[in-house]
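Descriptive analysis of the structure
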Amino acid sequence: NAGVTQTPKFQVLKTGQSMTLQCAQDMNHNSMYWYRQDPGMGLRLIYYSASEGTTDKGEVPNGYNVSRLNKREFSLRLESAAPSQTSVYFCASSEYLDGLSYNEQFFGPGTRLTVL
Amino acid sequence: KNQVEQSPQSLIILEGKNCTLQCNYTVSPFSNLRWYKQDTGRGPVSLTIMTFSENTKSNGRYTATLDADTKQSSLHITASQLSDSASYICVVSSNDYKLSFGAGTTVTVRA
């Protein structure tokens, strides 16, 4: 049971290049999320998918697109990378655990992206 | 605007000592408050989650408190260990999908 996995772990891009960050979870969770974490700031939600087939914008969606490929996988795409997108990106998944009234989020290890 | 403020920004403590981290929030509506531990180079891991009706919750040597009236929470670490060195993040949830994250308190435990 690997939990939430992300690839790649590190990436360096030049301004204007595109790339896709991959995320997969093996916990059969319905909901998945993409966050970015910048120094001195809290994590900010980019996009989320409440269930397979749906996606919604979060707090900072500009410059990103997402795809919920199936229940397990949720990818984040940067079409034309900019230096302002240099950050650490975290994927998370969540589900209501038995007996709880809230959903617990489980995070992946992160992807460290630098845009030159 | 929903905000979560944590203090101090960082602290250093000796192994075996206790410490308390603070969190103030202005998030509304309020669903629950979470504390996460984030080791360097890793993703956050949940320590505790408290709903409106809960005012304290423990997870081993970690004890979180919540005062929903004053919109304040604290995380107390008892008998600190070297492995407690990490960033501790306060998170307030408005609903299932919208979490407001604090910037974190970096704790360094020294032998």
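All of these numbers come straight from a predicted model, not from anything done at the bench.

**Topic: the pattern of salt bridges**
- According to the stated counting rule, one finds six salt bridges over all chains in the structure shown.
- With its nearest N and O atoms 3.2 Å apart, the salt bridge here joins E79 of chain A to R77 of chain A.
- The salt bridge partner of K57 of chain B is E54 of chain B, with a shortest N-O separation of 3.1 Å.
- Taking the relative accessible area as the measure of exposure, K57 of chain B reaches 24% and is therefore partly exposed.
- What you see here is one network of salt bridges that share partners, running through R36, D38 and R44 of chain A.

**Overview of the side chain of S49 of chain A**
Residues and elements named next belong to chain A.
- Turning to its location among the elements, S49 is positioned in strand 5 (residues 44-49).
- Of note is the side chain of S49, whose polar atom sits 2.7 Å from the side chain of R68.
- If we ignore the near neighbours within four places in the chain, the residues touching S49 are N30, S31, M32, T54, T55, R68 and F74.

**Some points on the side chain of R68 of chain A**
Residue and element names in this part refer to chain A.
- Mapped onto the elements of the fold, R68 is located in strand 7 (residues 64-68).
- The side chain of R68 sits in the buried core without any salt bridge; E52 is the nearest counter-charge, 6.2 Å away.
- Among the polar contacts made by the side chain of R68, one reaches the main-chain carbonyl oxygen of N30 at a distance of 3.0 Å.
- Excluding its chain neighbours within four sequence positions, the residues that come into contact with R68 are Q25, H29, N30, S31, M32, S49, S51, E52, G53, T55, E73 and F74.

**With respect to the pairing of strand 3 (residues 19-25) of chain A**
Residues and elements named next belong to chain A.
- Across the seven residues of strand 3, five count as buried, placing the element largely inside the fold.
- Sheet analysis places strand 1 (residues 4-7) next to strand 3, joined by four bridges and oriented antiparallel. The partner of T7 across the bridge, within strand 3, is Q22.
- Here strand 3 runs beside strand 8 (residues 74-78); their pairing, made up of three bridges, is antiparallel. Directly across from M19, in strand 8, lies its bridge partner L78.

What counts and how
- Residues numbered from 1 in each chain as written.
- Chains lettered and ligands numbered in written order.
- Predicted model: local features only at pLDDT ≥ 70, side-chain atom pairs only at ≥ 80, totals over all residues.
- Heavy atoms only, no water.
- Salt bridge = Lys/Arg side-chain N within 4 Å of Asp/Glu carboxyl O.
- Buried < 20%, exposed > 50% of the residue type's maximum accessible area, 1.4 Å probe, protein only.
- Helix = DSSP H or I, 4+ residues; strand = E, 2+ residues; numbered from the N terminus.
- Polar contact = N/O pair within 3.5 Å; in protein donor to acceptor, adjacent residues only side chain to side chain.
- Contact = heavy atoms within 4.5 Å.
- Lys, Arg positive; Asp, Glu negative; His and termini not counted.
- Pairing = 2+ DSSP bridges.

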